[in-house]
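One letter stands for each residue in the lines below.
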Number of protein chains: 2
Amino acid sequence: MSLSMISANRCFSGTQYVYRHASAATQTDMTFAAYLPEQAEHGPCPTLFFLSGLTCSEENATVKAGYQRVAAELGMIVIAPDTSPRGETVPNDERYFLGQAASFYLDATQAPWSQHYQMERYIVQELYDLVLDALPVEAGKIGITGHSMGGHGALTLAMRNPDRFASLSAFAPVVAPSQVEWGQVAFSAYFGQDQAAWAAHDACALVGSHGWKGDMLIDQGDGDAFLETNLRTPLFEAACQQADQSALIRYQPGYDHSYYFVASFMEEHMRFHAERLG
Amino acid sequence: MSLSMISANRCFSGTQYVYRHASAATQTDMTFAAYLPEQAEHGPCPTLFFLSGLTCSEENATVKAGYQRVAAELGMIVIAPDTSPRGETVPNDERYFLGQAASFYLDATQAPWSQHYQMERYIVQELYDLVLDALPVEAGKIGITGHSMGGHGALTLAMRNPDRFASLSAFAPVVAPSQVEWGQVAFSAYFGQDQAAWAAHDACALVGSHGWKGDMLIDQGDGDAFLETNLRTPLFEAACQQADQSALIRYQPGYDHSYYFVASFMEEHMRFHAERLG
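Reading the values: rules and limits
- Residues numbered from 1 in each chain as written.
- Chains lettered and ligands numbered in written order.
- Predicted model: local features only at pLDDT ≥ 70, side-chain atom pairs only at ≥ 80, totals over all residues.
- Heavy atoms only, no water.
- Helix = DSSP H or I, 4+ residues; strand = E, 2+ residues; numbered from the N terminus.
- Rg over C-alpha atoms; globule rule 2.2 N^0.38 Å.
- Buried < 20%, exposed > 50% of the residue type's maximum accessible area, 1.4 Å probe, protein only.
- Contact = heavy atoms within 4.5 Å.
- Lys, Arg positive; Asp, Glu negative; His and termini not counted.
- Charge placed at Lys NZ, Arg CZ, Asp CG, Glu CD.
- Pairing = 2+ DSSP bridges.
- Axes fitted to C-alpha atoms, helices over the stretch in contact; angles between N-to-C directions.
- Expected span 1.5 Å × (residues − 1).
- Least-squares fit on C-alpha atoms with pLDDT ≥ 70 in both.
- Buried area = accessible area lost by both parts, 1.4 Å probe.
- Salt bridge = Lys/Arg side-chain N within 4 Å of Asp/Glu carboxyl O.
- Polar contact = N/O pair within 3.5 Å; in protein donor to acceptor, adjacent residues only side chain to side chain.
- Nonpolar A, V, L, I, M, F, W, Y, C, P; charged D, E, K, R; others polar.
- Parallel < 35°, antiparallel > 145°, perpendicular 65-115°, else oblique.
- Left-handed = near helix turned anticlockwise from the far one by under 90°.
- Phe/Tyr/Trp six-rings, centres within 6.5 Å; stacked < 30°, edge-to-face > 60°.
- Lys NZ or Arg CZ within 6 Å of the ring centre and 35° of its normal.

Chemist: I'd love a proper account of the overall build of chain A, names of residues and values included.
Modeler: Helices and strands together make up the secondary structure of chain A, namely 10 helices and 9 strands. In terms of overall dimensions, chain A is globule-like: its C-alpha atoms have a radius of gyration of 17 Å, near the 19 Å expected for 278 residues. With the C-alpha coordinates of chain A rotated into their principal frame, the extents come out at 50 × 40 × 30 Å. Out of the 278 residues in chain A, the part that is buried amounts to 62%. In chain A, of all internal contacts separated by at least 6 residues, the share reaching a separation of at least 24 is 71%. Here chain A contributes 15 positively and 31 negatively charged side chains, and the mean placements of these two sets differ by 3 Å.

Chemist: Give a description of the sheet that holds strand β1 (residues 4-11) of chain B that names residues and reports values.
Modeler: Sheet strands associate in pairs through backbone hydrogen bonding, adopting either a parallel or an antiparallel arrangement. Residue and element names in this part refer to chain B. What the 9 strands build is an open sheet, ordered β1-β2-β3-β5-β4-β6-β7-β8-β9; its pairing is mixed. Because the sheet does not close on itself, it has two edges, and the strands there are β1 and β9 (248-252). For this sheet the average axis-to-axis angle between neighbouring strands, irrespective of direction, equals 20°. Where strand β2 (residues 14-22) and strand β3 (residues 29-36) come together, 8 bridges link them in antiparallel fashion. Pairing of Tyr 17 across the sheet is with Ala 34, part of β3.

Chemist: Explain helix α5 (residues 181-191) of chain B to me, using residue names and the numbers behind them.
Modeler: All names here are of chain B. The buried count for α5 comes to 8 of 11 residues, which makes it a mostly enclosed element. When we look at burial in α5, the residues that qualify are Trp 182, Gly 183, Val 185, Ala 186, Phe 187, Ala 189, Tyr 190 and Phe 191. Residues of α5 that are buried make contact with α4 (149-160), α6 (195-200) and α8 (227-231). In the stretch just after α5, Gly 192 is the one whose phi turns positive, near 65°.

Chemist: Hey, could you go over α4 of chain B for me, with residue numbers and the actual values?
Modeler: Over its 12 residues, α4 of chain B runs 16 Å from end to end, which matches the ideal 16 Å to within 8%, given 1.5 Å per residue. Burial analysis of α4 of chain B places 11 of its 12 residues in the buried class, which makes it a mostly covered element.

Chemist: Describe the sheet that holds strand β4 (residues 45-51) of chain A, naming the residues involved and giving the relevant values.
Modeler: All names here are of chain A. Taken in spatial order, the 9 strands line up as β1-β2-β3-β5-β4-β6-β7-β8-β9 in an open sheet, and their pairing is mixed. The open sheet terminates on both sides in strands that have one partner only, identified here as β1 (4-11) and β9 (248-252). Each strand axis lies, on average, 20° off the axis of its neighbour in the sheet, ignoring direction. In this sheet, strand β5 (residues 77-81) lies alongside strand β3 (residues 29-36) in antiparallel orientation, the contact comprising 4 bridges. Note on β5: the bridge partner recorded for Ala 33 is Ala 80.

Chemist: An account of the relation of the copies chain B and chain A is needed here, citing residue identities and associated values.
Modeler: Once chain B is rotated about the relating axis by 180° and shifted along it by 0.0 Å, it coincides with chain A to within an RMSD of 0.0 Å. In short, the pair behaves as if placed about a two-fold rotation axis. For chain B, the minimum C-alpha distance to the rotation axis belongs to Lys 64 of chain B and amounts to 2.7 Å. Interface overlap between copies is the fraction of interface residues in one copy that are interface residues in the other; for chain B against chain A it reaches 100%, indicating a shared surface.

Chemist: Now, about the interface of chain B and chain A: what can you tell me, with residues and values included?
Modeler: Residue-level contacts link 22 residues of chain B with 22 residues of chain A. Summing the contributions of chain B and of chain A, the shared interface buries around 1,700 Å²; its carbon and sulfur component is 54%. Applying the counting rule to chain B against chain A returns 0 salt bridges. The tally of links between chain B and chain A comes to 8 residue pairs in polar contact (both at pLDDT 80 or more). Elements with a contribution of two residues or more to the side of chain B that touches chain A: β1, α1 (58-64), α2 (67-74) and α10 (259-277) of chain B. Per element, the largest residue contribution to the side of chain B that touches chain A is 5 residues, and it comes from α10 of chain B. By residue class, the composition of the side of chain B that touches chain A is 9 nonpolar, 8 polar and 5 charged.

Chemist: Could you give an account of the pattern of salt bridges, with specific residues and numbers?
Modeler: All names here are of chain B. Across all of its chains, the model carries 24 salt bridges over all chains by this definition. When the shortest N-O distance is used, the salt bridge between Arg 276 and Asp 215 registers 2.8 Å. With Arg 276 in helix α10 and Asp 215 in the loop between α7 (203-209) and β8 (217-221), the pair connects residues that are 61 residues apart, well separated along the chain. Its relative accessible area of 34% is what places Arg 276 among the partly exposed residues. With its nearest N and O atoms 3.0 Å apart, the salt bridge here joins Glu 268 to Arg 250.

Chemist: Any details on the packing of helix α2 (residues 67-74) of chain A against helix α10 (residues 259-277) of chain A? Residues and values, ideally.
Modeler: Residues and elements named next belong to chain A. Put simply, α2 and α10 touch, their axes get as near as 9 Å, and they point 30° apart. Judged on the interaxial angle alone, α10 and α2 are roughly parallel. Both α2 and α10 take part in a crossing whose hand is right-handed. Residue-level contacts link Tyr 67, Arg 69, Val 70, Ala 71, Glu 73 and Leu 74 of α2 to Met 266, Glu 267, Met 270, Arg 271 and Ala 274 of α10.

Chemist: Can you explain the packing of aromatic side chains? Please cite residues and give values.
Modeler: How two aromatic rings sit relative to each other is given by the distance of their centres and the angle of their planes. Enumeration according to the criterion identifies 38 aromatic pairs over all chains in this entry. On the basis of an interplanar angle of 75° and a centroid distance of 6.1 Å, the ring pair of Phe 49 of chain B and Phe 165 of chain B is categorised as edge-to-face. Here Phe 165 of chain B lies in the loop between α4 and β7 (167-171) and Phe 49 of chain B lies in strand β4 (residues 45-51), a separation of 116 residues in the sequence. Each member of the pair, Phe 49 of chain B together with Phe 165 of chain B, is buried. In this structure, Arg 164 of chain A is placed above the aromatic ring of Tyr 128 of chain A, and the distance from its NZ or CZ to the ring centre is 4.0 Å. Sitting over the ring of Phe 272 of chain B, Arg 276 of chain B keeps its end group 3.7 Å from the ring centre.

Quick look at the structure:
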């Protein structure tokens, strides 16, 4: 499997790369961003996956979240994948919470989605193995975080694949997709009415059925316009309490759903991961 | 004169605003970004103007340069103006270095540009007085910086209006517009062949004719694709040496012209200004 370099920009003494590669999982080309700090020139580094939210690509966090400065200090690689397969032949929907840029990081079972929308397999197996092989990523020291739909991705992929990830956090995650419009529309399309599949990709259900092996950090703006309708953080608080799951869930006063919120707390999340990745 | 708030996002315990207002100078509505740190709730703060480059608006630096974190720490307001008047009735050109988003921060004397392209007057008088009046900007503690065409703007506006600005820096500035295509095309359009006007807006000429009352900090990536053709930093080094002008001009190895470069050195520039603004 080979990587094509789309761009390389010097940034905080390291390099921000964007790569493209042919994906067997999605049967499309896929793009991802990779920040390599200067330390990566001398040996393998702990690595953080950042999964982005609805309407985003790998670019949003890469230009807006300001992670490079902290990654440079900590000697951490940051991998920001795209949010779905893309292209004219890839099914889509006019609603922003279904189809391209709205994969929900799962492996769809229903036509027409199942051919290309294999994003759990893509992230956890294909891209994961690819960056381990092609970049100086240190095996066993890989954490995962994400924003909104990407926070859902981080929580569910980590709890479903605890052997792949060593640390976990999220920004304003979708925690109960089975109970909100964003998730119900997507899960109905991707899984049909298979309620077992829904539960297996719902963070509130997973924290009871699987749990997470460590602690986790979640930040949520209390001025986030999606909090009441589609994020519903208190459901996850209750589920963690019920399951005796260690989780630090913070409501940040006045913050909204934008990358201004993500950027404000990015450094704390990266230090959280760095401490746990060692 | 009244400000309409376009957006307000909590960011690093302060607020990132975008405002619009009717401009007498440009005879259009103008938009600008203003970051107010938490300290601005308690009293006036030192303030930095950031002028952006060709093709940009107030948005680029605001979402990409990462200035809010440092501004929050230093208690500094950051004002990021738009790069030109805009609108269907405002003259434009298909070349990216003339017309909308390419004002070169001067007051045009030639038709059809002169009606709206009055950007020096807009920045140095109208917007300057507006933010002093409407925001908790501390009089006498206002610095200026910018990127590329905005670096040209910072250098020329500061040297031409030393009573208005107390500190000066630039990222990859256009230093000799009279000698490069970007500037020659723009100056020919905006000023015609009035060579005195050209010299009065050319940093290399101004450093000899006016100089700058203090020191200045300039960063330039040595991997910048525009360095040889349109930036030509060595001409400014020579002009400063000739005029005995204090200037720290640094070539940063491997950095290009992008906001990844700006973000990498933003903190150092902001600390440079904070020290001089006191």
